[in-house]
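Read off the chains here:
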2 protein chains.
Amino acid sequence: MEARLITELLEQYLDRQSAPLKLRIRIYLALRQAILDRALAPGTKLPPTRSLAEDLGMGRNTVVRAYEQLLVEGYIESRTGDGSYVSEAAQGGLRRSPPKRLLGTRREGLSRRGSIVAANATSSVVQRGAFMPGVPDIDAFPFAIWRRLLGKYHSAEQGHLLNYAHTGYGPLKVMLANYLRVTRMMPVDPKQVIIINGSHQAIDLCARLLADHGDRAWIEDPGYWGARNVLVAAGLQVTPIPLDAKGLAPTVEDWALPPRLIFCSPSSQYPTGTVLSLDRRIQLLENADHVGSWIIEDDYDNELHFHERPIGSLFGLANKQRVIYLGTFSKVMFPGIRLAYLVVPEDLVEAFVIGNSELYRGGRLAEQAALAEFIDEGHFTAHIKRMRSLYAERRETLLSAMQSRLGDVVMPSGSQAGLQLLYRFNQPIDDTMVAAQALAEGVICRPLSLYYLNQEARQPGMNLGFAAVPVERIGPATDILTRVIERHLK
Amino acid sequence: MEARLITELLEQYLDRQSAPLKLRIRIYLALRQAILDRALAPGTKLPPTRSLAEDLGMGRNTVVRAYEQLLVEGYIESRTGDGSYVSEAAQGGLRRSPPKRLLGTRREGLSRRGSIVAANATSSVVQRGAFMPGVPDIDAFPFAIWRRLLGKYHSAEQGHLLNYAHTGYGPLKVMLANYLRVTRMMPVDPKQVIIINGSHQAIDLCARLLADHGDRAWIEDPGYWGARNVLVAAGLQVTPIPLDAKGLAPTVEDWALPPRLIFCSPSSQYPTGTVLSLDRRIQLLENADHVGSWIIEDDYDNELHFHERPIGSLFGLANKQRVIYLGTFSKVMFPGIRLAYLVVPEDLVEAFVIGNSELYRGGRLAEQAALAEFIDEGHFTAHIKRMRSLYAERRETLLSAMQSRLGDVVMPSGSQAGLQLLYRFNQPIDDTMVAAQALAEGVICRPLSLYYLNQEARQPGMNLGFAAVPVERIGPATDILTRVIERHLK
């Protein structure tokens, strides 16, 4: 092919490019595409870089670098003393037709489980404002201290904390074991503590190490939407178990199809706030032991209780080691920190350490070291204490604002813990419509019906987060909510 | 029961306790266990706190707090004006026997997939020292800059970066899209970039969104051990595909059982360093498109190449969008940072954003913001440049140290990129024995045979990481290695 034709051809390819790229990359891409399209056939001799550069009106070096790149990647070959040629290799793949047996096996797009996850997105794009549930007040966090500690452990001297890690940071495990012993009556050896990047990952780890594809998992209904999606994506068959006033209420029929995993929040059920009663706890532990179920106890916000003492953990009550305890730093520190922990029975320690390392590859020891020192220096407990009294005031404000405006229409439910209050309606109402209209007026109010898996069991309600709402914002936001609800009831 | 008997009973329970707990918790646990054991039957009246405290020789307040806790949790009941009684509820569970149908369904311990993961642990407890492969030199990282940026984004004013996040930090995606456009010839829209907590999580996300339980996944053999375990834990049937001098070499028979996922490292195969040839690239893309396979392109250390220009990415070559590109910050920043990214075809963007949020719950935007500014201010490129020349020197040192000592016995293989060099033996040798003995003498030398899934295909070799080894340490460590190998060859 004549050099002039090649220049014209390349000009056409250059014209077709839309992205604003550097010239060196543009000429590379034009040449490459021409070769791939066979517009420049194998064996074609390319013009010398000097003349091509002149014809295209660009610097010679630009063309030289494009040629070099194509050479390295095998699109062109250099014959000593004779210039550059389009290589045979570039056409290699095209000559072979794929084996016939392949026809008809094509399957597009997402996997079945991927489609389910994508279609059931329940985490909200909106994550801030009155009354977003489940989020703490970040403004009051002692960031100056946290910055100091983060900085301390991000240095070349602390290189051992900045590499891959096989297991979590030892001193943090010791701190947590002590903390759980005192606050949750849990006899815990530090080695039983597994540090994880957030609760979702923790649930996922349990699902994969303890259950196989197709195994049954129970979740509370209504319950935490996040757990459901994680369990489904791990291939488990998720069964919703209803609640009553004493908490999770599986029937004899439910137990007849025993679950491999039971995901529950006994201290303060999410979102109802129900505390699992003692007799139910004992029964749950006994039956789980009898049929060989593992219980995941999600203790997501028990640090933030408003009565004198927290409820004892299920883990601490269990003699037979069928309980895996899940705690998080999202509510006490800040959600973006993405640190949570599992406490596992001794028999499972080794498998969980290995599994955590193999499935997610460890790291982030510097953050864990900062957190350990944060706890050790007393900032953790001090922050919890400070937030408890701040949240208690906001909680009281919301309770009385709701009582004075909507006392006849709604009723608060649940425990004395957490960052949110669940209100149930005394009369039928479409809570998703209420939520949509409230959101349109700037107030987040998660409808209770959203938390149900069993659609027939749905009851209307509102899950209202108060923790991150300044006291003076609570009244006005409640006013908006009241107007929306009154409009619906008329 | 007489108060005196109750005191004696509790003393026995207290004596049995081994853990060094606070007195308040000890008396609580003793009472609770006595109730659970029915040593204190339902309806038993407990002694007044004052007298029990005297009998046990402890402060009254200690006993009061234990009683209060038991009351809150439902173990005891308070009858107004008449003291505390062991509640009926505490025995509630015990009276009911589990349904008969449950018998025989018990299954212990780990799941099948969990057992496989736990039994195939290949990540090493030892992560530092000559010649640990895959780790960068952390000492040379500009931590002062990184601390400043981390600090900047960890403050109450940046609260929006410290909450849960639905998607990654936008400006970081823009930075990465620009970076990939220039360095990897990839036309990328920022929205196609998905920020992930490390490569393992990225592989896991692909496996679950794109493949179902039982689907086939190809991995390179030898290949990256980490991918194998992640894919197995996602329920995929992993098929090892051998390599030849041109890289991944699937046969027509292999294609006849088409894979749903193909995990590969075309720019610099791990651990052999082989660059996938152009004809193989084209053929792989065509066949994958024809049978509907997704290709995961692991571009784990292409930033650290030692020739003038990096190899173009498979993603950039693909017209039909069957490639998902995987990049990591572990090698250029530091491994403990746990940040990686996927670049997905446009059609998959929404599903990947949702899936990432649902399965792992987003956060860590402050780190991502720090990283974006680190890139924007030019520190990222400057650091890569600095490390490239540092690593090039170490690489040359290792090459000549090995050549002079073991030039007749081993041969380096592979590309001009990466943090490690693969050496193959010219003669049969048990490389795992060599590795074990070298480790005993303080030198890490990962045996090549460890990276094979197909045991019959195993060839002996050593994967030697040089990047984190100071130049002056390379000679002495090579001496040790040489002595161990010579001992074996005799």
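The structure displayed is predicted, hence computed values, not measured ones. (Residues numbered from 1 in each chain as written. Chains lettered and ligands numbered in written order. Predicted model: local features only at pLDDT ≥ 70, side-chain atom pairs only at ≥ 80, totals over all residues. Heavy atoms only, no water.)

Draft legend 1. Just the overall build of chain A, in detail. Within chain A, the regular secondary structure consists of 18 helices and 14 strands. The globule rule puts the C-alpha radius of gyration for 490 residues at 23 Å, and the 30 Å found for chain A is more than 25% above it. The principal-axis extents of the C-alpha atoms in chain A amount to approximately 90 × 60 × 55 Å. Residues classed as buried in chain A amount to 63% of the 490 residues present. Here the analysis covers contacts within chain A between residues at least 6 apart in sequence; of these, 73% occur between residues at least 24 apart. On chain A, roughly 18,000 Å² of surface is accessible, and the fraction owed to carbon and sulfur atoms is 52%. Each charge sign in chain A was given a centre, from 55 positive and 52 negative side chains, and these centres are 4 Å apart. (Helix = DSSP H or I, 4+ residues; strand = E, 2+ residues; numbered from the N terminus. Rg over C-alpha atoms; globule rule 2.2 N^0.38 Å. Buried < 20%, exposed > 50% of the residue type's maximum accessible area, 1.4 Å probe, protein only. Contact = heavy atoms within 4.5 Å. Areas by Shrake-Rupley, 256 points an atom, 1.4 Å probe, with all protein chains shown as cover. Lys, Arg positive; Asp, Glu negative; His and termini not counted. Charge placed at Lys NZ, Arg CZ, Asp CG, Glu CD.)

Draft legend 2. Fine view of the relation of the copies chain B and chain A. Mapping chain B onto chain A calls for a rotation angle of 180 degrees and an axial translation of 0.0 Å; the resulting RMSD is 0.1 Å. In symmetry terms, the pair is related by a two-fold rotation axis. An overlap of 100% is found between the interface residues of chain B and their copies at the interface of chain A, pointing to a shared contact surface. (Least-squares fit on C-alpha atoms with pLDDT ≥ 70 in both.)

Draft legend 3. Quick look at the sheet that holds strand β12 (residues 420-425) of chain A. Residues and elements named next belong to chain A. The 4 strands lie next to each other as β11-β12-β14-β13, forming an open sheet whose pairing is antiparallel. On the outer flanks of this sheet lie β11 (410-413) and β13 (446-447), each paired with one strand and no other. Here β12 pairs with strand β14 (residues 461-465) via 5 bridges, running antiparallel. In the strand pairing of β14, Leu 422 is matched with Asn 463. (Pairing = 2+ DSSP bridges.)

Draft legend 4. The sheet that holds strand β10 (residues 340-343) of chain A, seen in detail. All names here are of chain A. Read from one edge of the open sheet, 8 strands run β3-β10-β9-β8-β7-β4-β5-β6, paired in mixed fashion. Single-partner strands in this sheet number two, and they are β3 (193-196) and β6 (247-248). In this structure, strand β4 (residues 216-221) lies alongside strand β7 (residues 261-264), joined through 3 bridges in parallel fashion. Bridging across to β7, Ala 217 finds its partner in Leu 261. Strands in contact with helix α9 (residues 199-210) are β3, β7, β8 (294-298), β9 (323-328) and β10; relative to β9, the strand with the most contacts, it is inclined by about 160 degrees. (Axes fitted to C-alpha atoms, helices over the stretch in contact; angles between N-to-C directions.)

Draft legend 5. Examining the pattern of salt bridges more closely. According to the stated counting rule, one finds 28 salt bridges over all chains in the structure shown. Here Asp279(A) and Lys246(A) are joined by a salt bridge, their closest N and O atoms 2.5 Å apart. Of this pair, Asp279(A) sits in helix α12 (residues 278-291) while Lys246(A) sits in the loop between β5 (237-244) and β6; the two residues are 33 residues apart in sequence, bridging distant segments of the chain. With relative accessibility at 35%, the residue Lys246(A) sits in the partly exposed group. Among the ionic pairs, Asp479(B) bridges to Arg405(B), the shortest N-O distance being 2.4 Å. Within this pair, whereas Asp479(B) is found in helix α18 (residues 471-489), its partner Arg405(B) is found in helix α16 (residues 379-406), the two being separated by 74 residues in sequence. (Salt bridge = Lys/Arg side-chain N within 4 Å of Asp/Glu carboxyl O.)

Draft legend 6. Local environment of helix α2 (residues 23-36) of chain A. Residues and elements named next belong to chain A. Across its 14 residues, α2 extends 20 Å between first and last C-alpha, which sits within 8% of the 20 Å expected from 1.5 Å per residue. In terms of residue burial, α2 counts as a mostly covered element, since 11 of its 14 residues are buried. Count one or two residues on from α2 and you reach Arg 38, which has phi positive near 65 degrees. (Expected span 1.5 Å × (residues − 1).)

Draft legend 7. Fine view of the pairing of strand β11 (residues 410-413) of chain B. All names here are of chain B. When β11 meets strand β12 (residues 420-425), the two strands line up antiparallel, connected through 4 bridges. When the sheet's bridge partners are listed, Met 411 is paired in β12 with Arg 424. Between β11 and β12, which follow one another and run antiparallel, lie 6 residues, and Gly 414 among them has a positive phi close to 110 degrees.

Draft legend 8. Summary view of the interface of chain B and chain A. Across the contact, 130 residues belong to chain B and 130 residues belong to chain A. A combined buried area of about 12,100 Å² lies between chain B and chain A, and 55% of that area is made up of carbon and sulfur atoms. Counting the contacts that link chain B with chain A gives 6 salt bridges. Arg208(A) is the salt-bridge partner of Asp204(B), the closest N and O atoms lying 3.0 Å from each other. Class assignment for the residues of the side of chain B that touches chain A results in 57 nonpolar, 39 polar and 34 charged. (Buried area = accessible area lost by both parts, 1.4 Å probe. Nonpolar A, V, L, I, M, F, W, Y, C, P; charged D, E, K, R; others polar.)

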